[in-house]
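Letter by letter, the chains look like this.
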Amino acid sequence: MTIVLVGNWKMNGLEASLDEARQIAAEAGDASRRGVSLTICPPATLLARLSEAVAGTGLSTGGQDCHARVSGPHTGDVSAEMLKDAGAAYVIVGHSERRADHGETSAIVKAKAEAGLRAGLTPIICVGETRAEREAGKAEAVVLAQVEGSIPDGFASGQFILAYEPVWAIGTGLVASPQDVAIMHGAIHNFLVGRFGPIGATIPILYGGSVNAQNAAELLKTAHVGGALVGGASLTADGFLKILKVIA
Ligand code: PEP
């Protein structure tokens, strides 16, 4: 299966950052030949310009969130159709920063994932436990409940991606151990196969949480890890391409 490498720029990036994207795009064709798909999810303000700047290179783009509705009185929100119109192929939904900062429940995340599908985008649905939940021995139960509540009801091959991102590992420099990642990805994999049958095994499960060039190779070798969702290390072409170099 293709390895999926996605950069989440979060609330970072001005026009000057387009150069970083162009440098990443220059490697996208070669990456694809080596079995790695590259995607950058810039802030909404840059999405159209960045998509235009990298068009035809093989580097895909995505939004970081979407509203569940197509259009309407939702000041400040962006619909999945608008992301598609701006050139996106993907949309991240349910990132822990949105679950925490905007009170997004799994039901809301599911509606957003369905909006992404409706618009012809591939949703990247994020799940992950907090430090307190892990310490209480509840990590697997919390994550599987998020998966169950956040994914669309039906599934056809290639429709969506999951990303396991332990909240305590995001932006902290702390990384889940390959053993813990294997256990959690195995549990998610089993859930998806139980829910969708053998086709559920084709849903990529990305790991996210302080991924960088030092830890990526080991994480990507772990069972049922189909790629990585990268925050901080994706902000420069150098950081992102160093990860590409060690995984393929
Ligand atoms: C993220 O934003 O999804 C993320 C995993 O961030 P970082 O790589 O910086 O931990």
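Residues numbered from 1 in each chain as written. Predicted model: local features only at pLDDT ≥ 70, side-chain atom pairs only at ≥ 80, totals over all residues. Heavy atoms only, no water.

A. Representation of the pairing of strand β8 (residues 227–230) in the model. A two-sided burial pattern is seen for β8, the buried positions comprising Gly227 and Leu229 on one face and Ala228 and Val230 on the other. Where strand β7 (residues 205–208) meets β8, 3 bridges bridge the pair, whose relative direction is parallel. Its bridge partner lying in β8, Gly208 is registered against Leu229. (Buried < 20%, exposed > 50% of the residue type's maximum accessible area, 1.4 Å probe, protein only. Helix = DSSP H or I, 4+ residues; strand = E, 2+ residues; numbered from the N terminus. Pairing = 2+ DSSP bridges.)

B. Representation of the pairing of strand β3 (residues 60–63) within the structure. By the bridge criterion, 2 bridges tie strand β2 (residues 36–41) to β3 in an arrangement that is parallel. The residue of β3 that forms the bridge with Ile40 is Thr61. Handedness of the β2-helix α3 (residues 44–53)-β3 crossover: right-handed. Pairing analysis gives 2 bridges linking β3 to strand β4 (residues 90–93), with the strands arranged parallel. What sits directly across from Gly63, in β4, is Val91. Handedness of the β-α-β unit built from β3, helix α4 (residues 80–85) and β4 comes out right-handed. (Right-handed = clockwise from strand over helix to strand, strands pointing away.)

C. Focus on the UniProt feature "binding site: substrate" (unreviewed entry) in the protein chain. According to UniProt, the positions carrying the feature "binding site: substrate" (unreviewed entry) are Asn8, Trp9, Lys10, Gly171, Ser210, Gly231 and Gly232. On the basis of their most widely separated C-alpha atoms, the annotated residues across 225 residues gather in one place, lying no more than 13.8 Å apart. As for the annotated residues named above, the ones lining the largest pocket are Asn8 and Lys10. Mapped onto the fold, Trp9 is located in the loop between β1 (3–8) and α1 (18–25). Not counting residues up to four positions away in its chain, the partners in contact with Trp9 are Ser17, Glu20, Ala21, Ile40, Cys41, Pro42, Pro43, Leu46, Leu50, Gln64, Ser234 and Leu235. With respect to the element layout, Gly231 can be found in the loop between β8 and α11 (237–247). Gly231 has contacts with Asn8 and Lys10, leaving out every residue within four places of it along the chain. (UniProt positions renumbered as here; feature names shortened; annotations may be inferred. 1 Å grid on protein atoms, 1.4 Å probe; cavity = no way out; pocket = protein on both sides within 12 Å on 5 of 7 lines; lining within 4 Å. Contact = heavy atoms within 4.5 Å.)

D. Layout of α3. Three or more residues of α3 are buried, namely Leu46, Leu47, Leu50 and Ser51. Down the axis of α3, the buried set is contained in an arc of 130 degrees. They therefore lie on one face. Pointing more than 90 degrees away from the buried face of α3 are the exposed residues Thr45 and Glu52. Along its buried surface, α3 packs onto α1, β2, β3 and α4. (Arc of directions from axis to C-beta.)

E. Main features of the UniProt feature "active site" (unreviewed entry) in the protein chain. With numbering aligned to this structure, UniProt lists the feature "active site" (unreviewed entry) at His95 and Glu165. A maximum C-alpha distance of 8.4 Å places the annotated residues, which cover 71 residues in sequence, within one compact spot. Restricting the annotated residues to those that line the largest pocket leaves His95. Structurally, His95 can be placed in the loop between β4 and α5 (96–101). Using a relative accessible area of 5% as the deciding quantity, one classes His95 as buried. Residues contacting His95, with those up to four places away along its chain left out, are Asn8, Lys10, Cys126, Glu165 and Ile170. At 3.0 Å, the side chain of His95 forms a polar contact with the backbone nitrogen of Glu97. Topologically, Glu165 is positioned in the loop between β6 (161–164) and α9 (178–196). What Glu165 contacts, discounting residues up to four positions off in sequence, is His95, Cys126, Val127, Gly128, Ile170, Gly208, Gly209 and Leu229. (Polar contact = N/O pair within 3.5 Å; in protein donor to acceptor, adjacent residues only side chain to side chain.)

F. A look at the environment of Ala86. For Ala86, the position within the fold is in the loop between α4 and β4. Placed 156 residues apart in sequence, Ala86 and Lys242 show a C-alpha to C-alpha distance of 28 Å. In this view, Ala86 contacts Leu47, Ala48 and Ser51; residues no more than four positions away in its chain are not counted.

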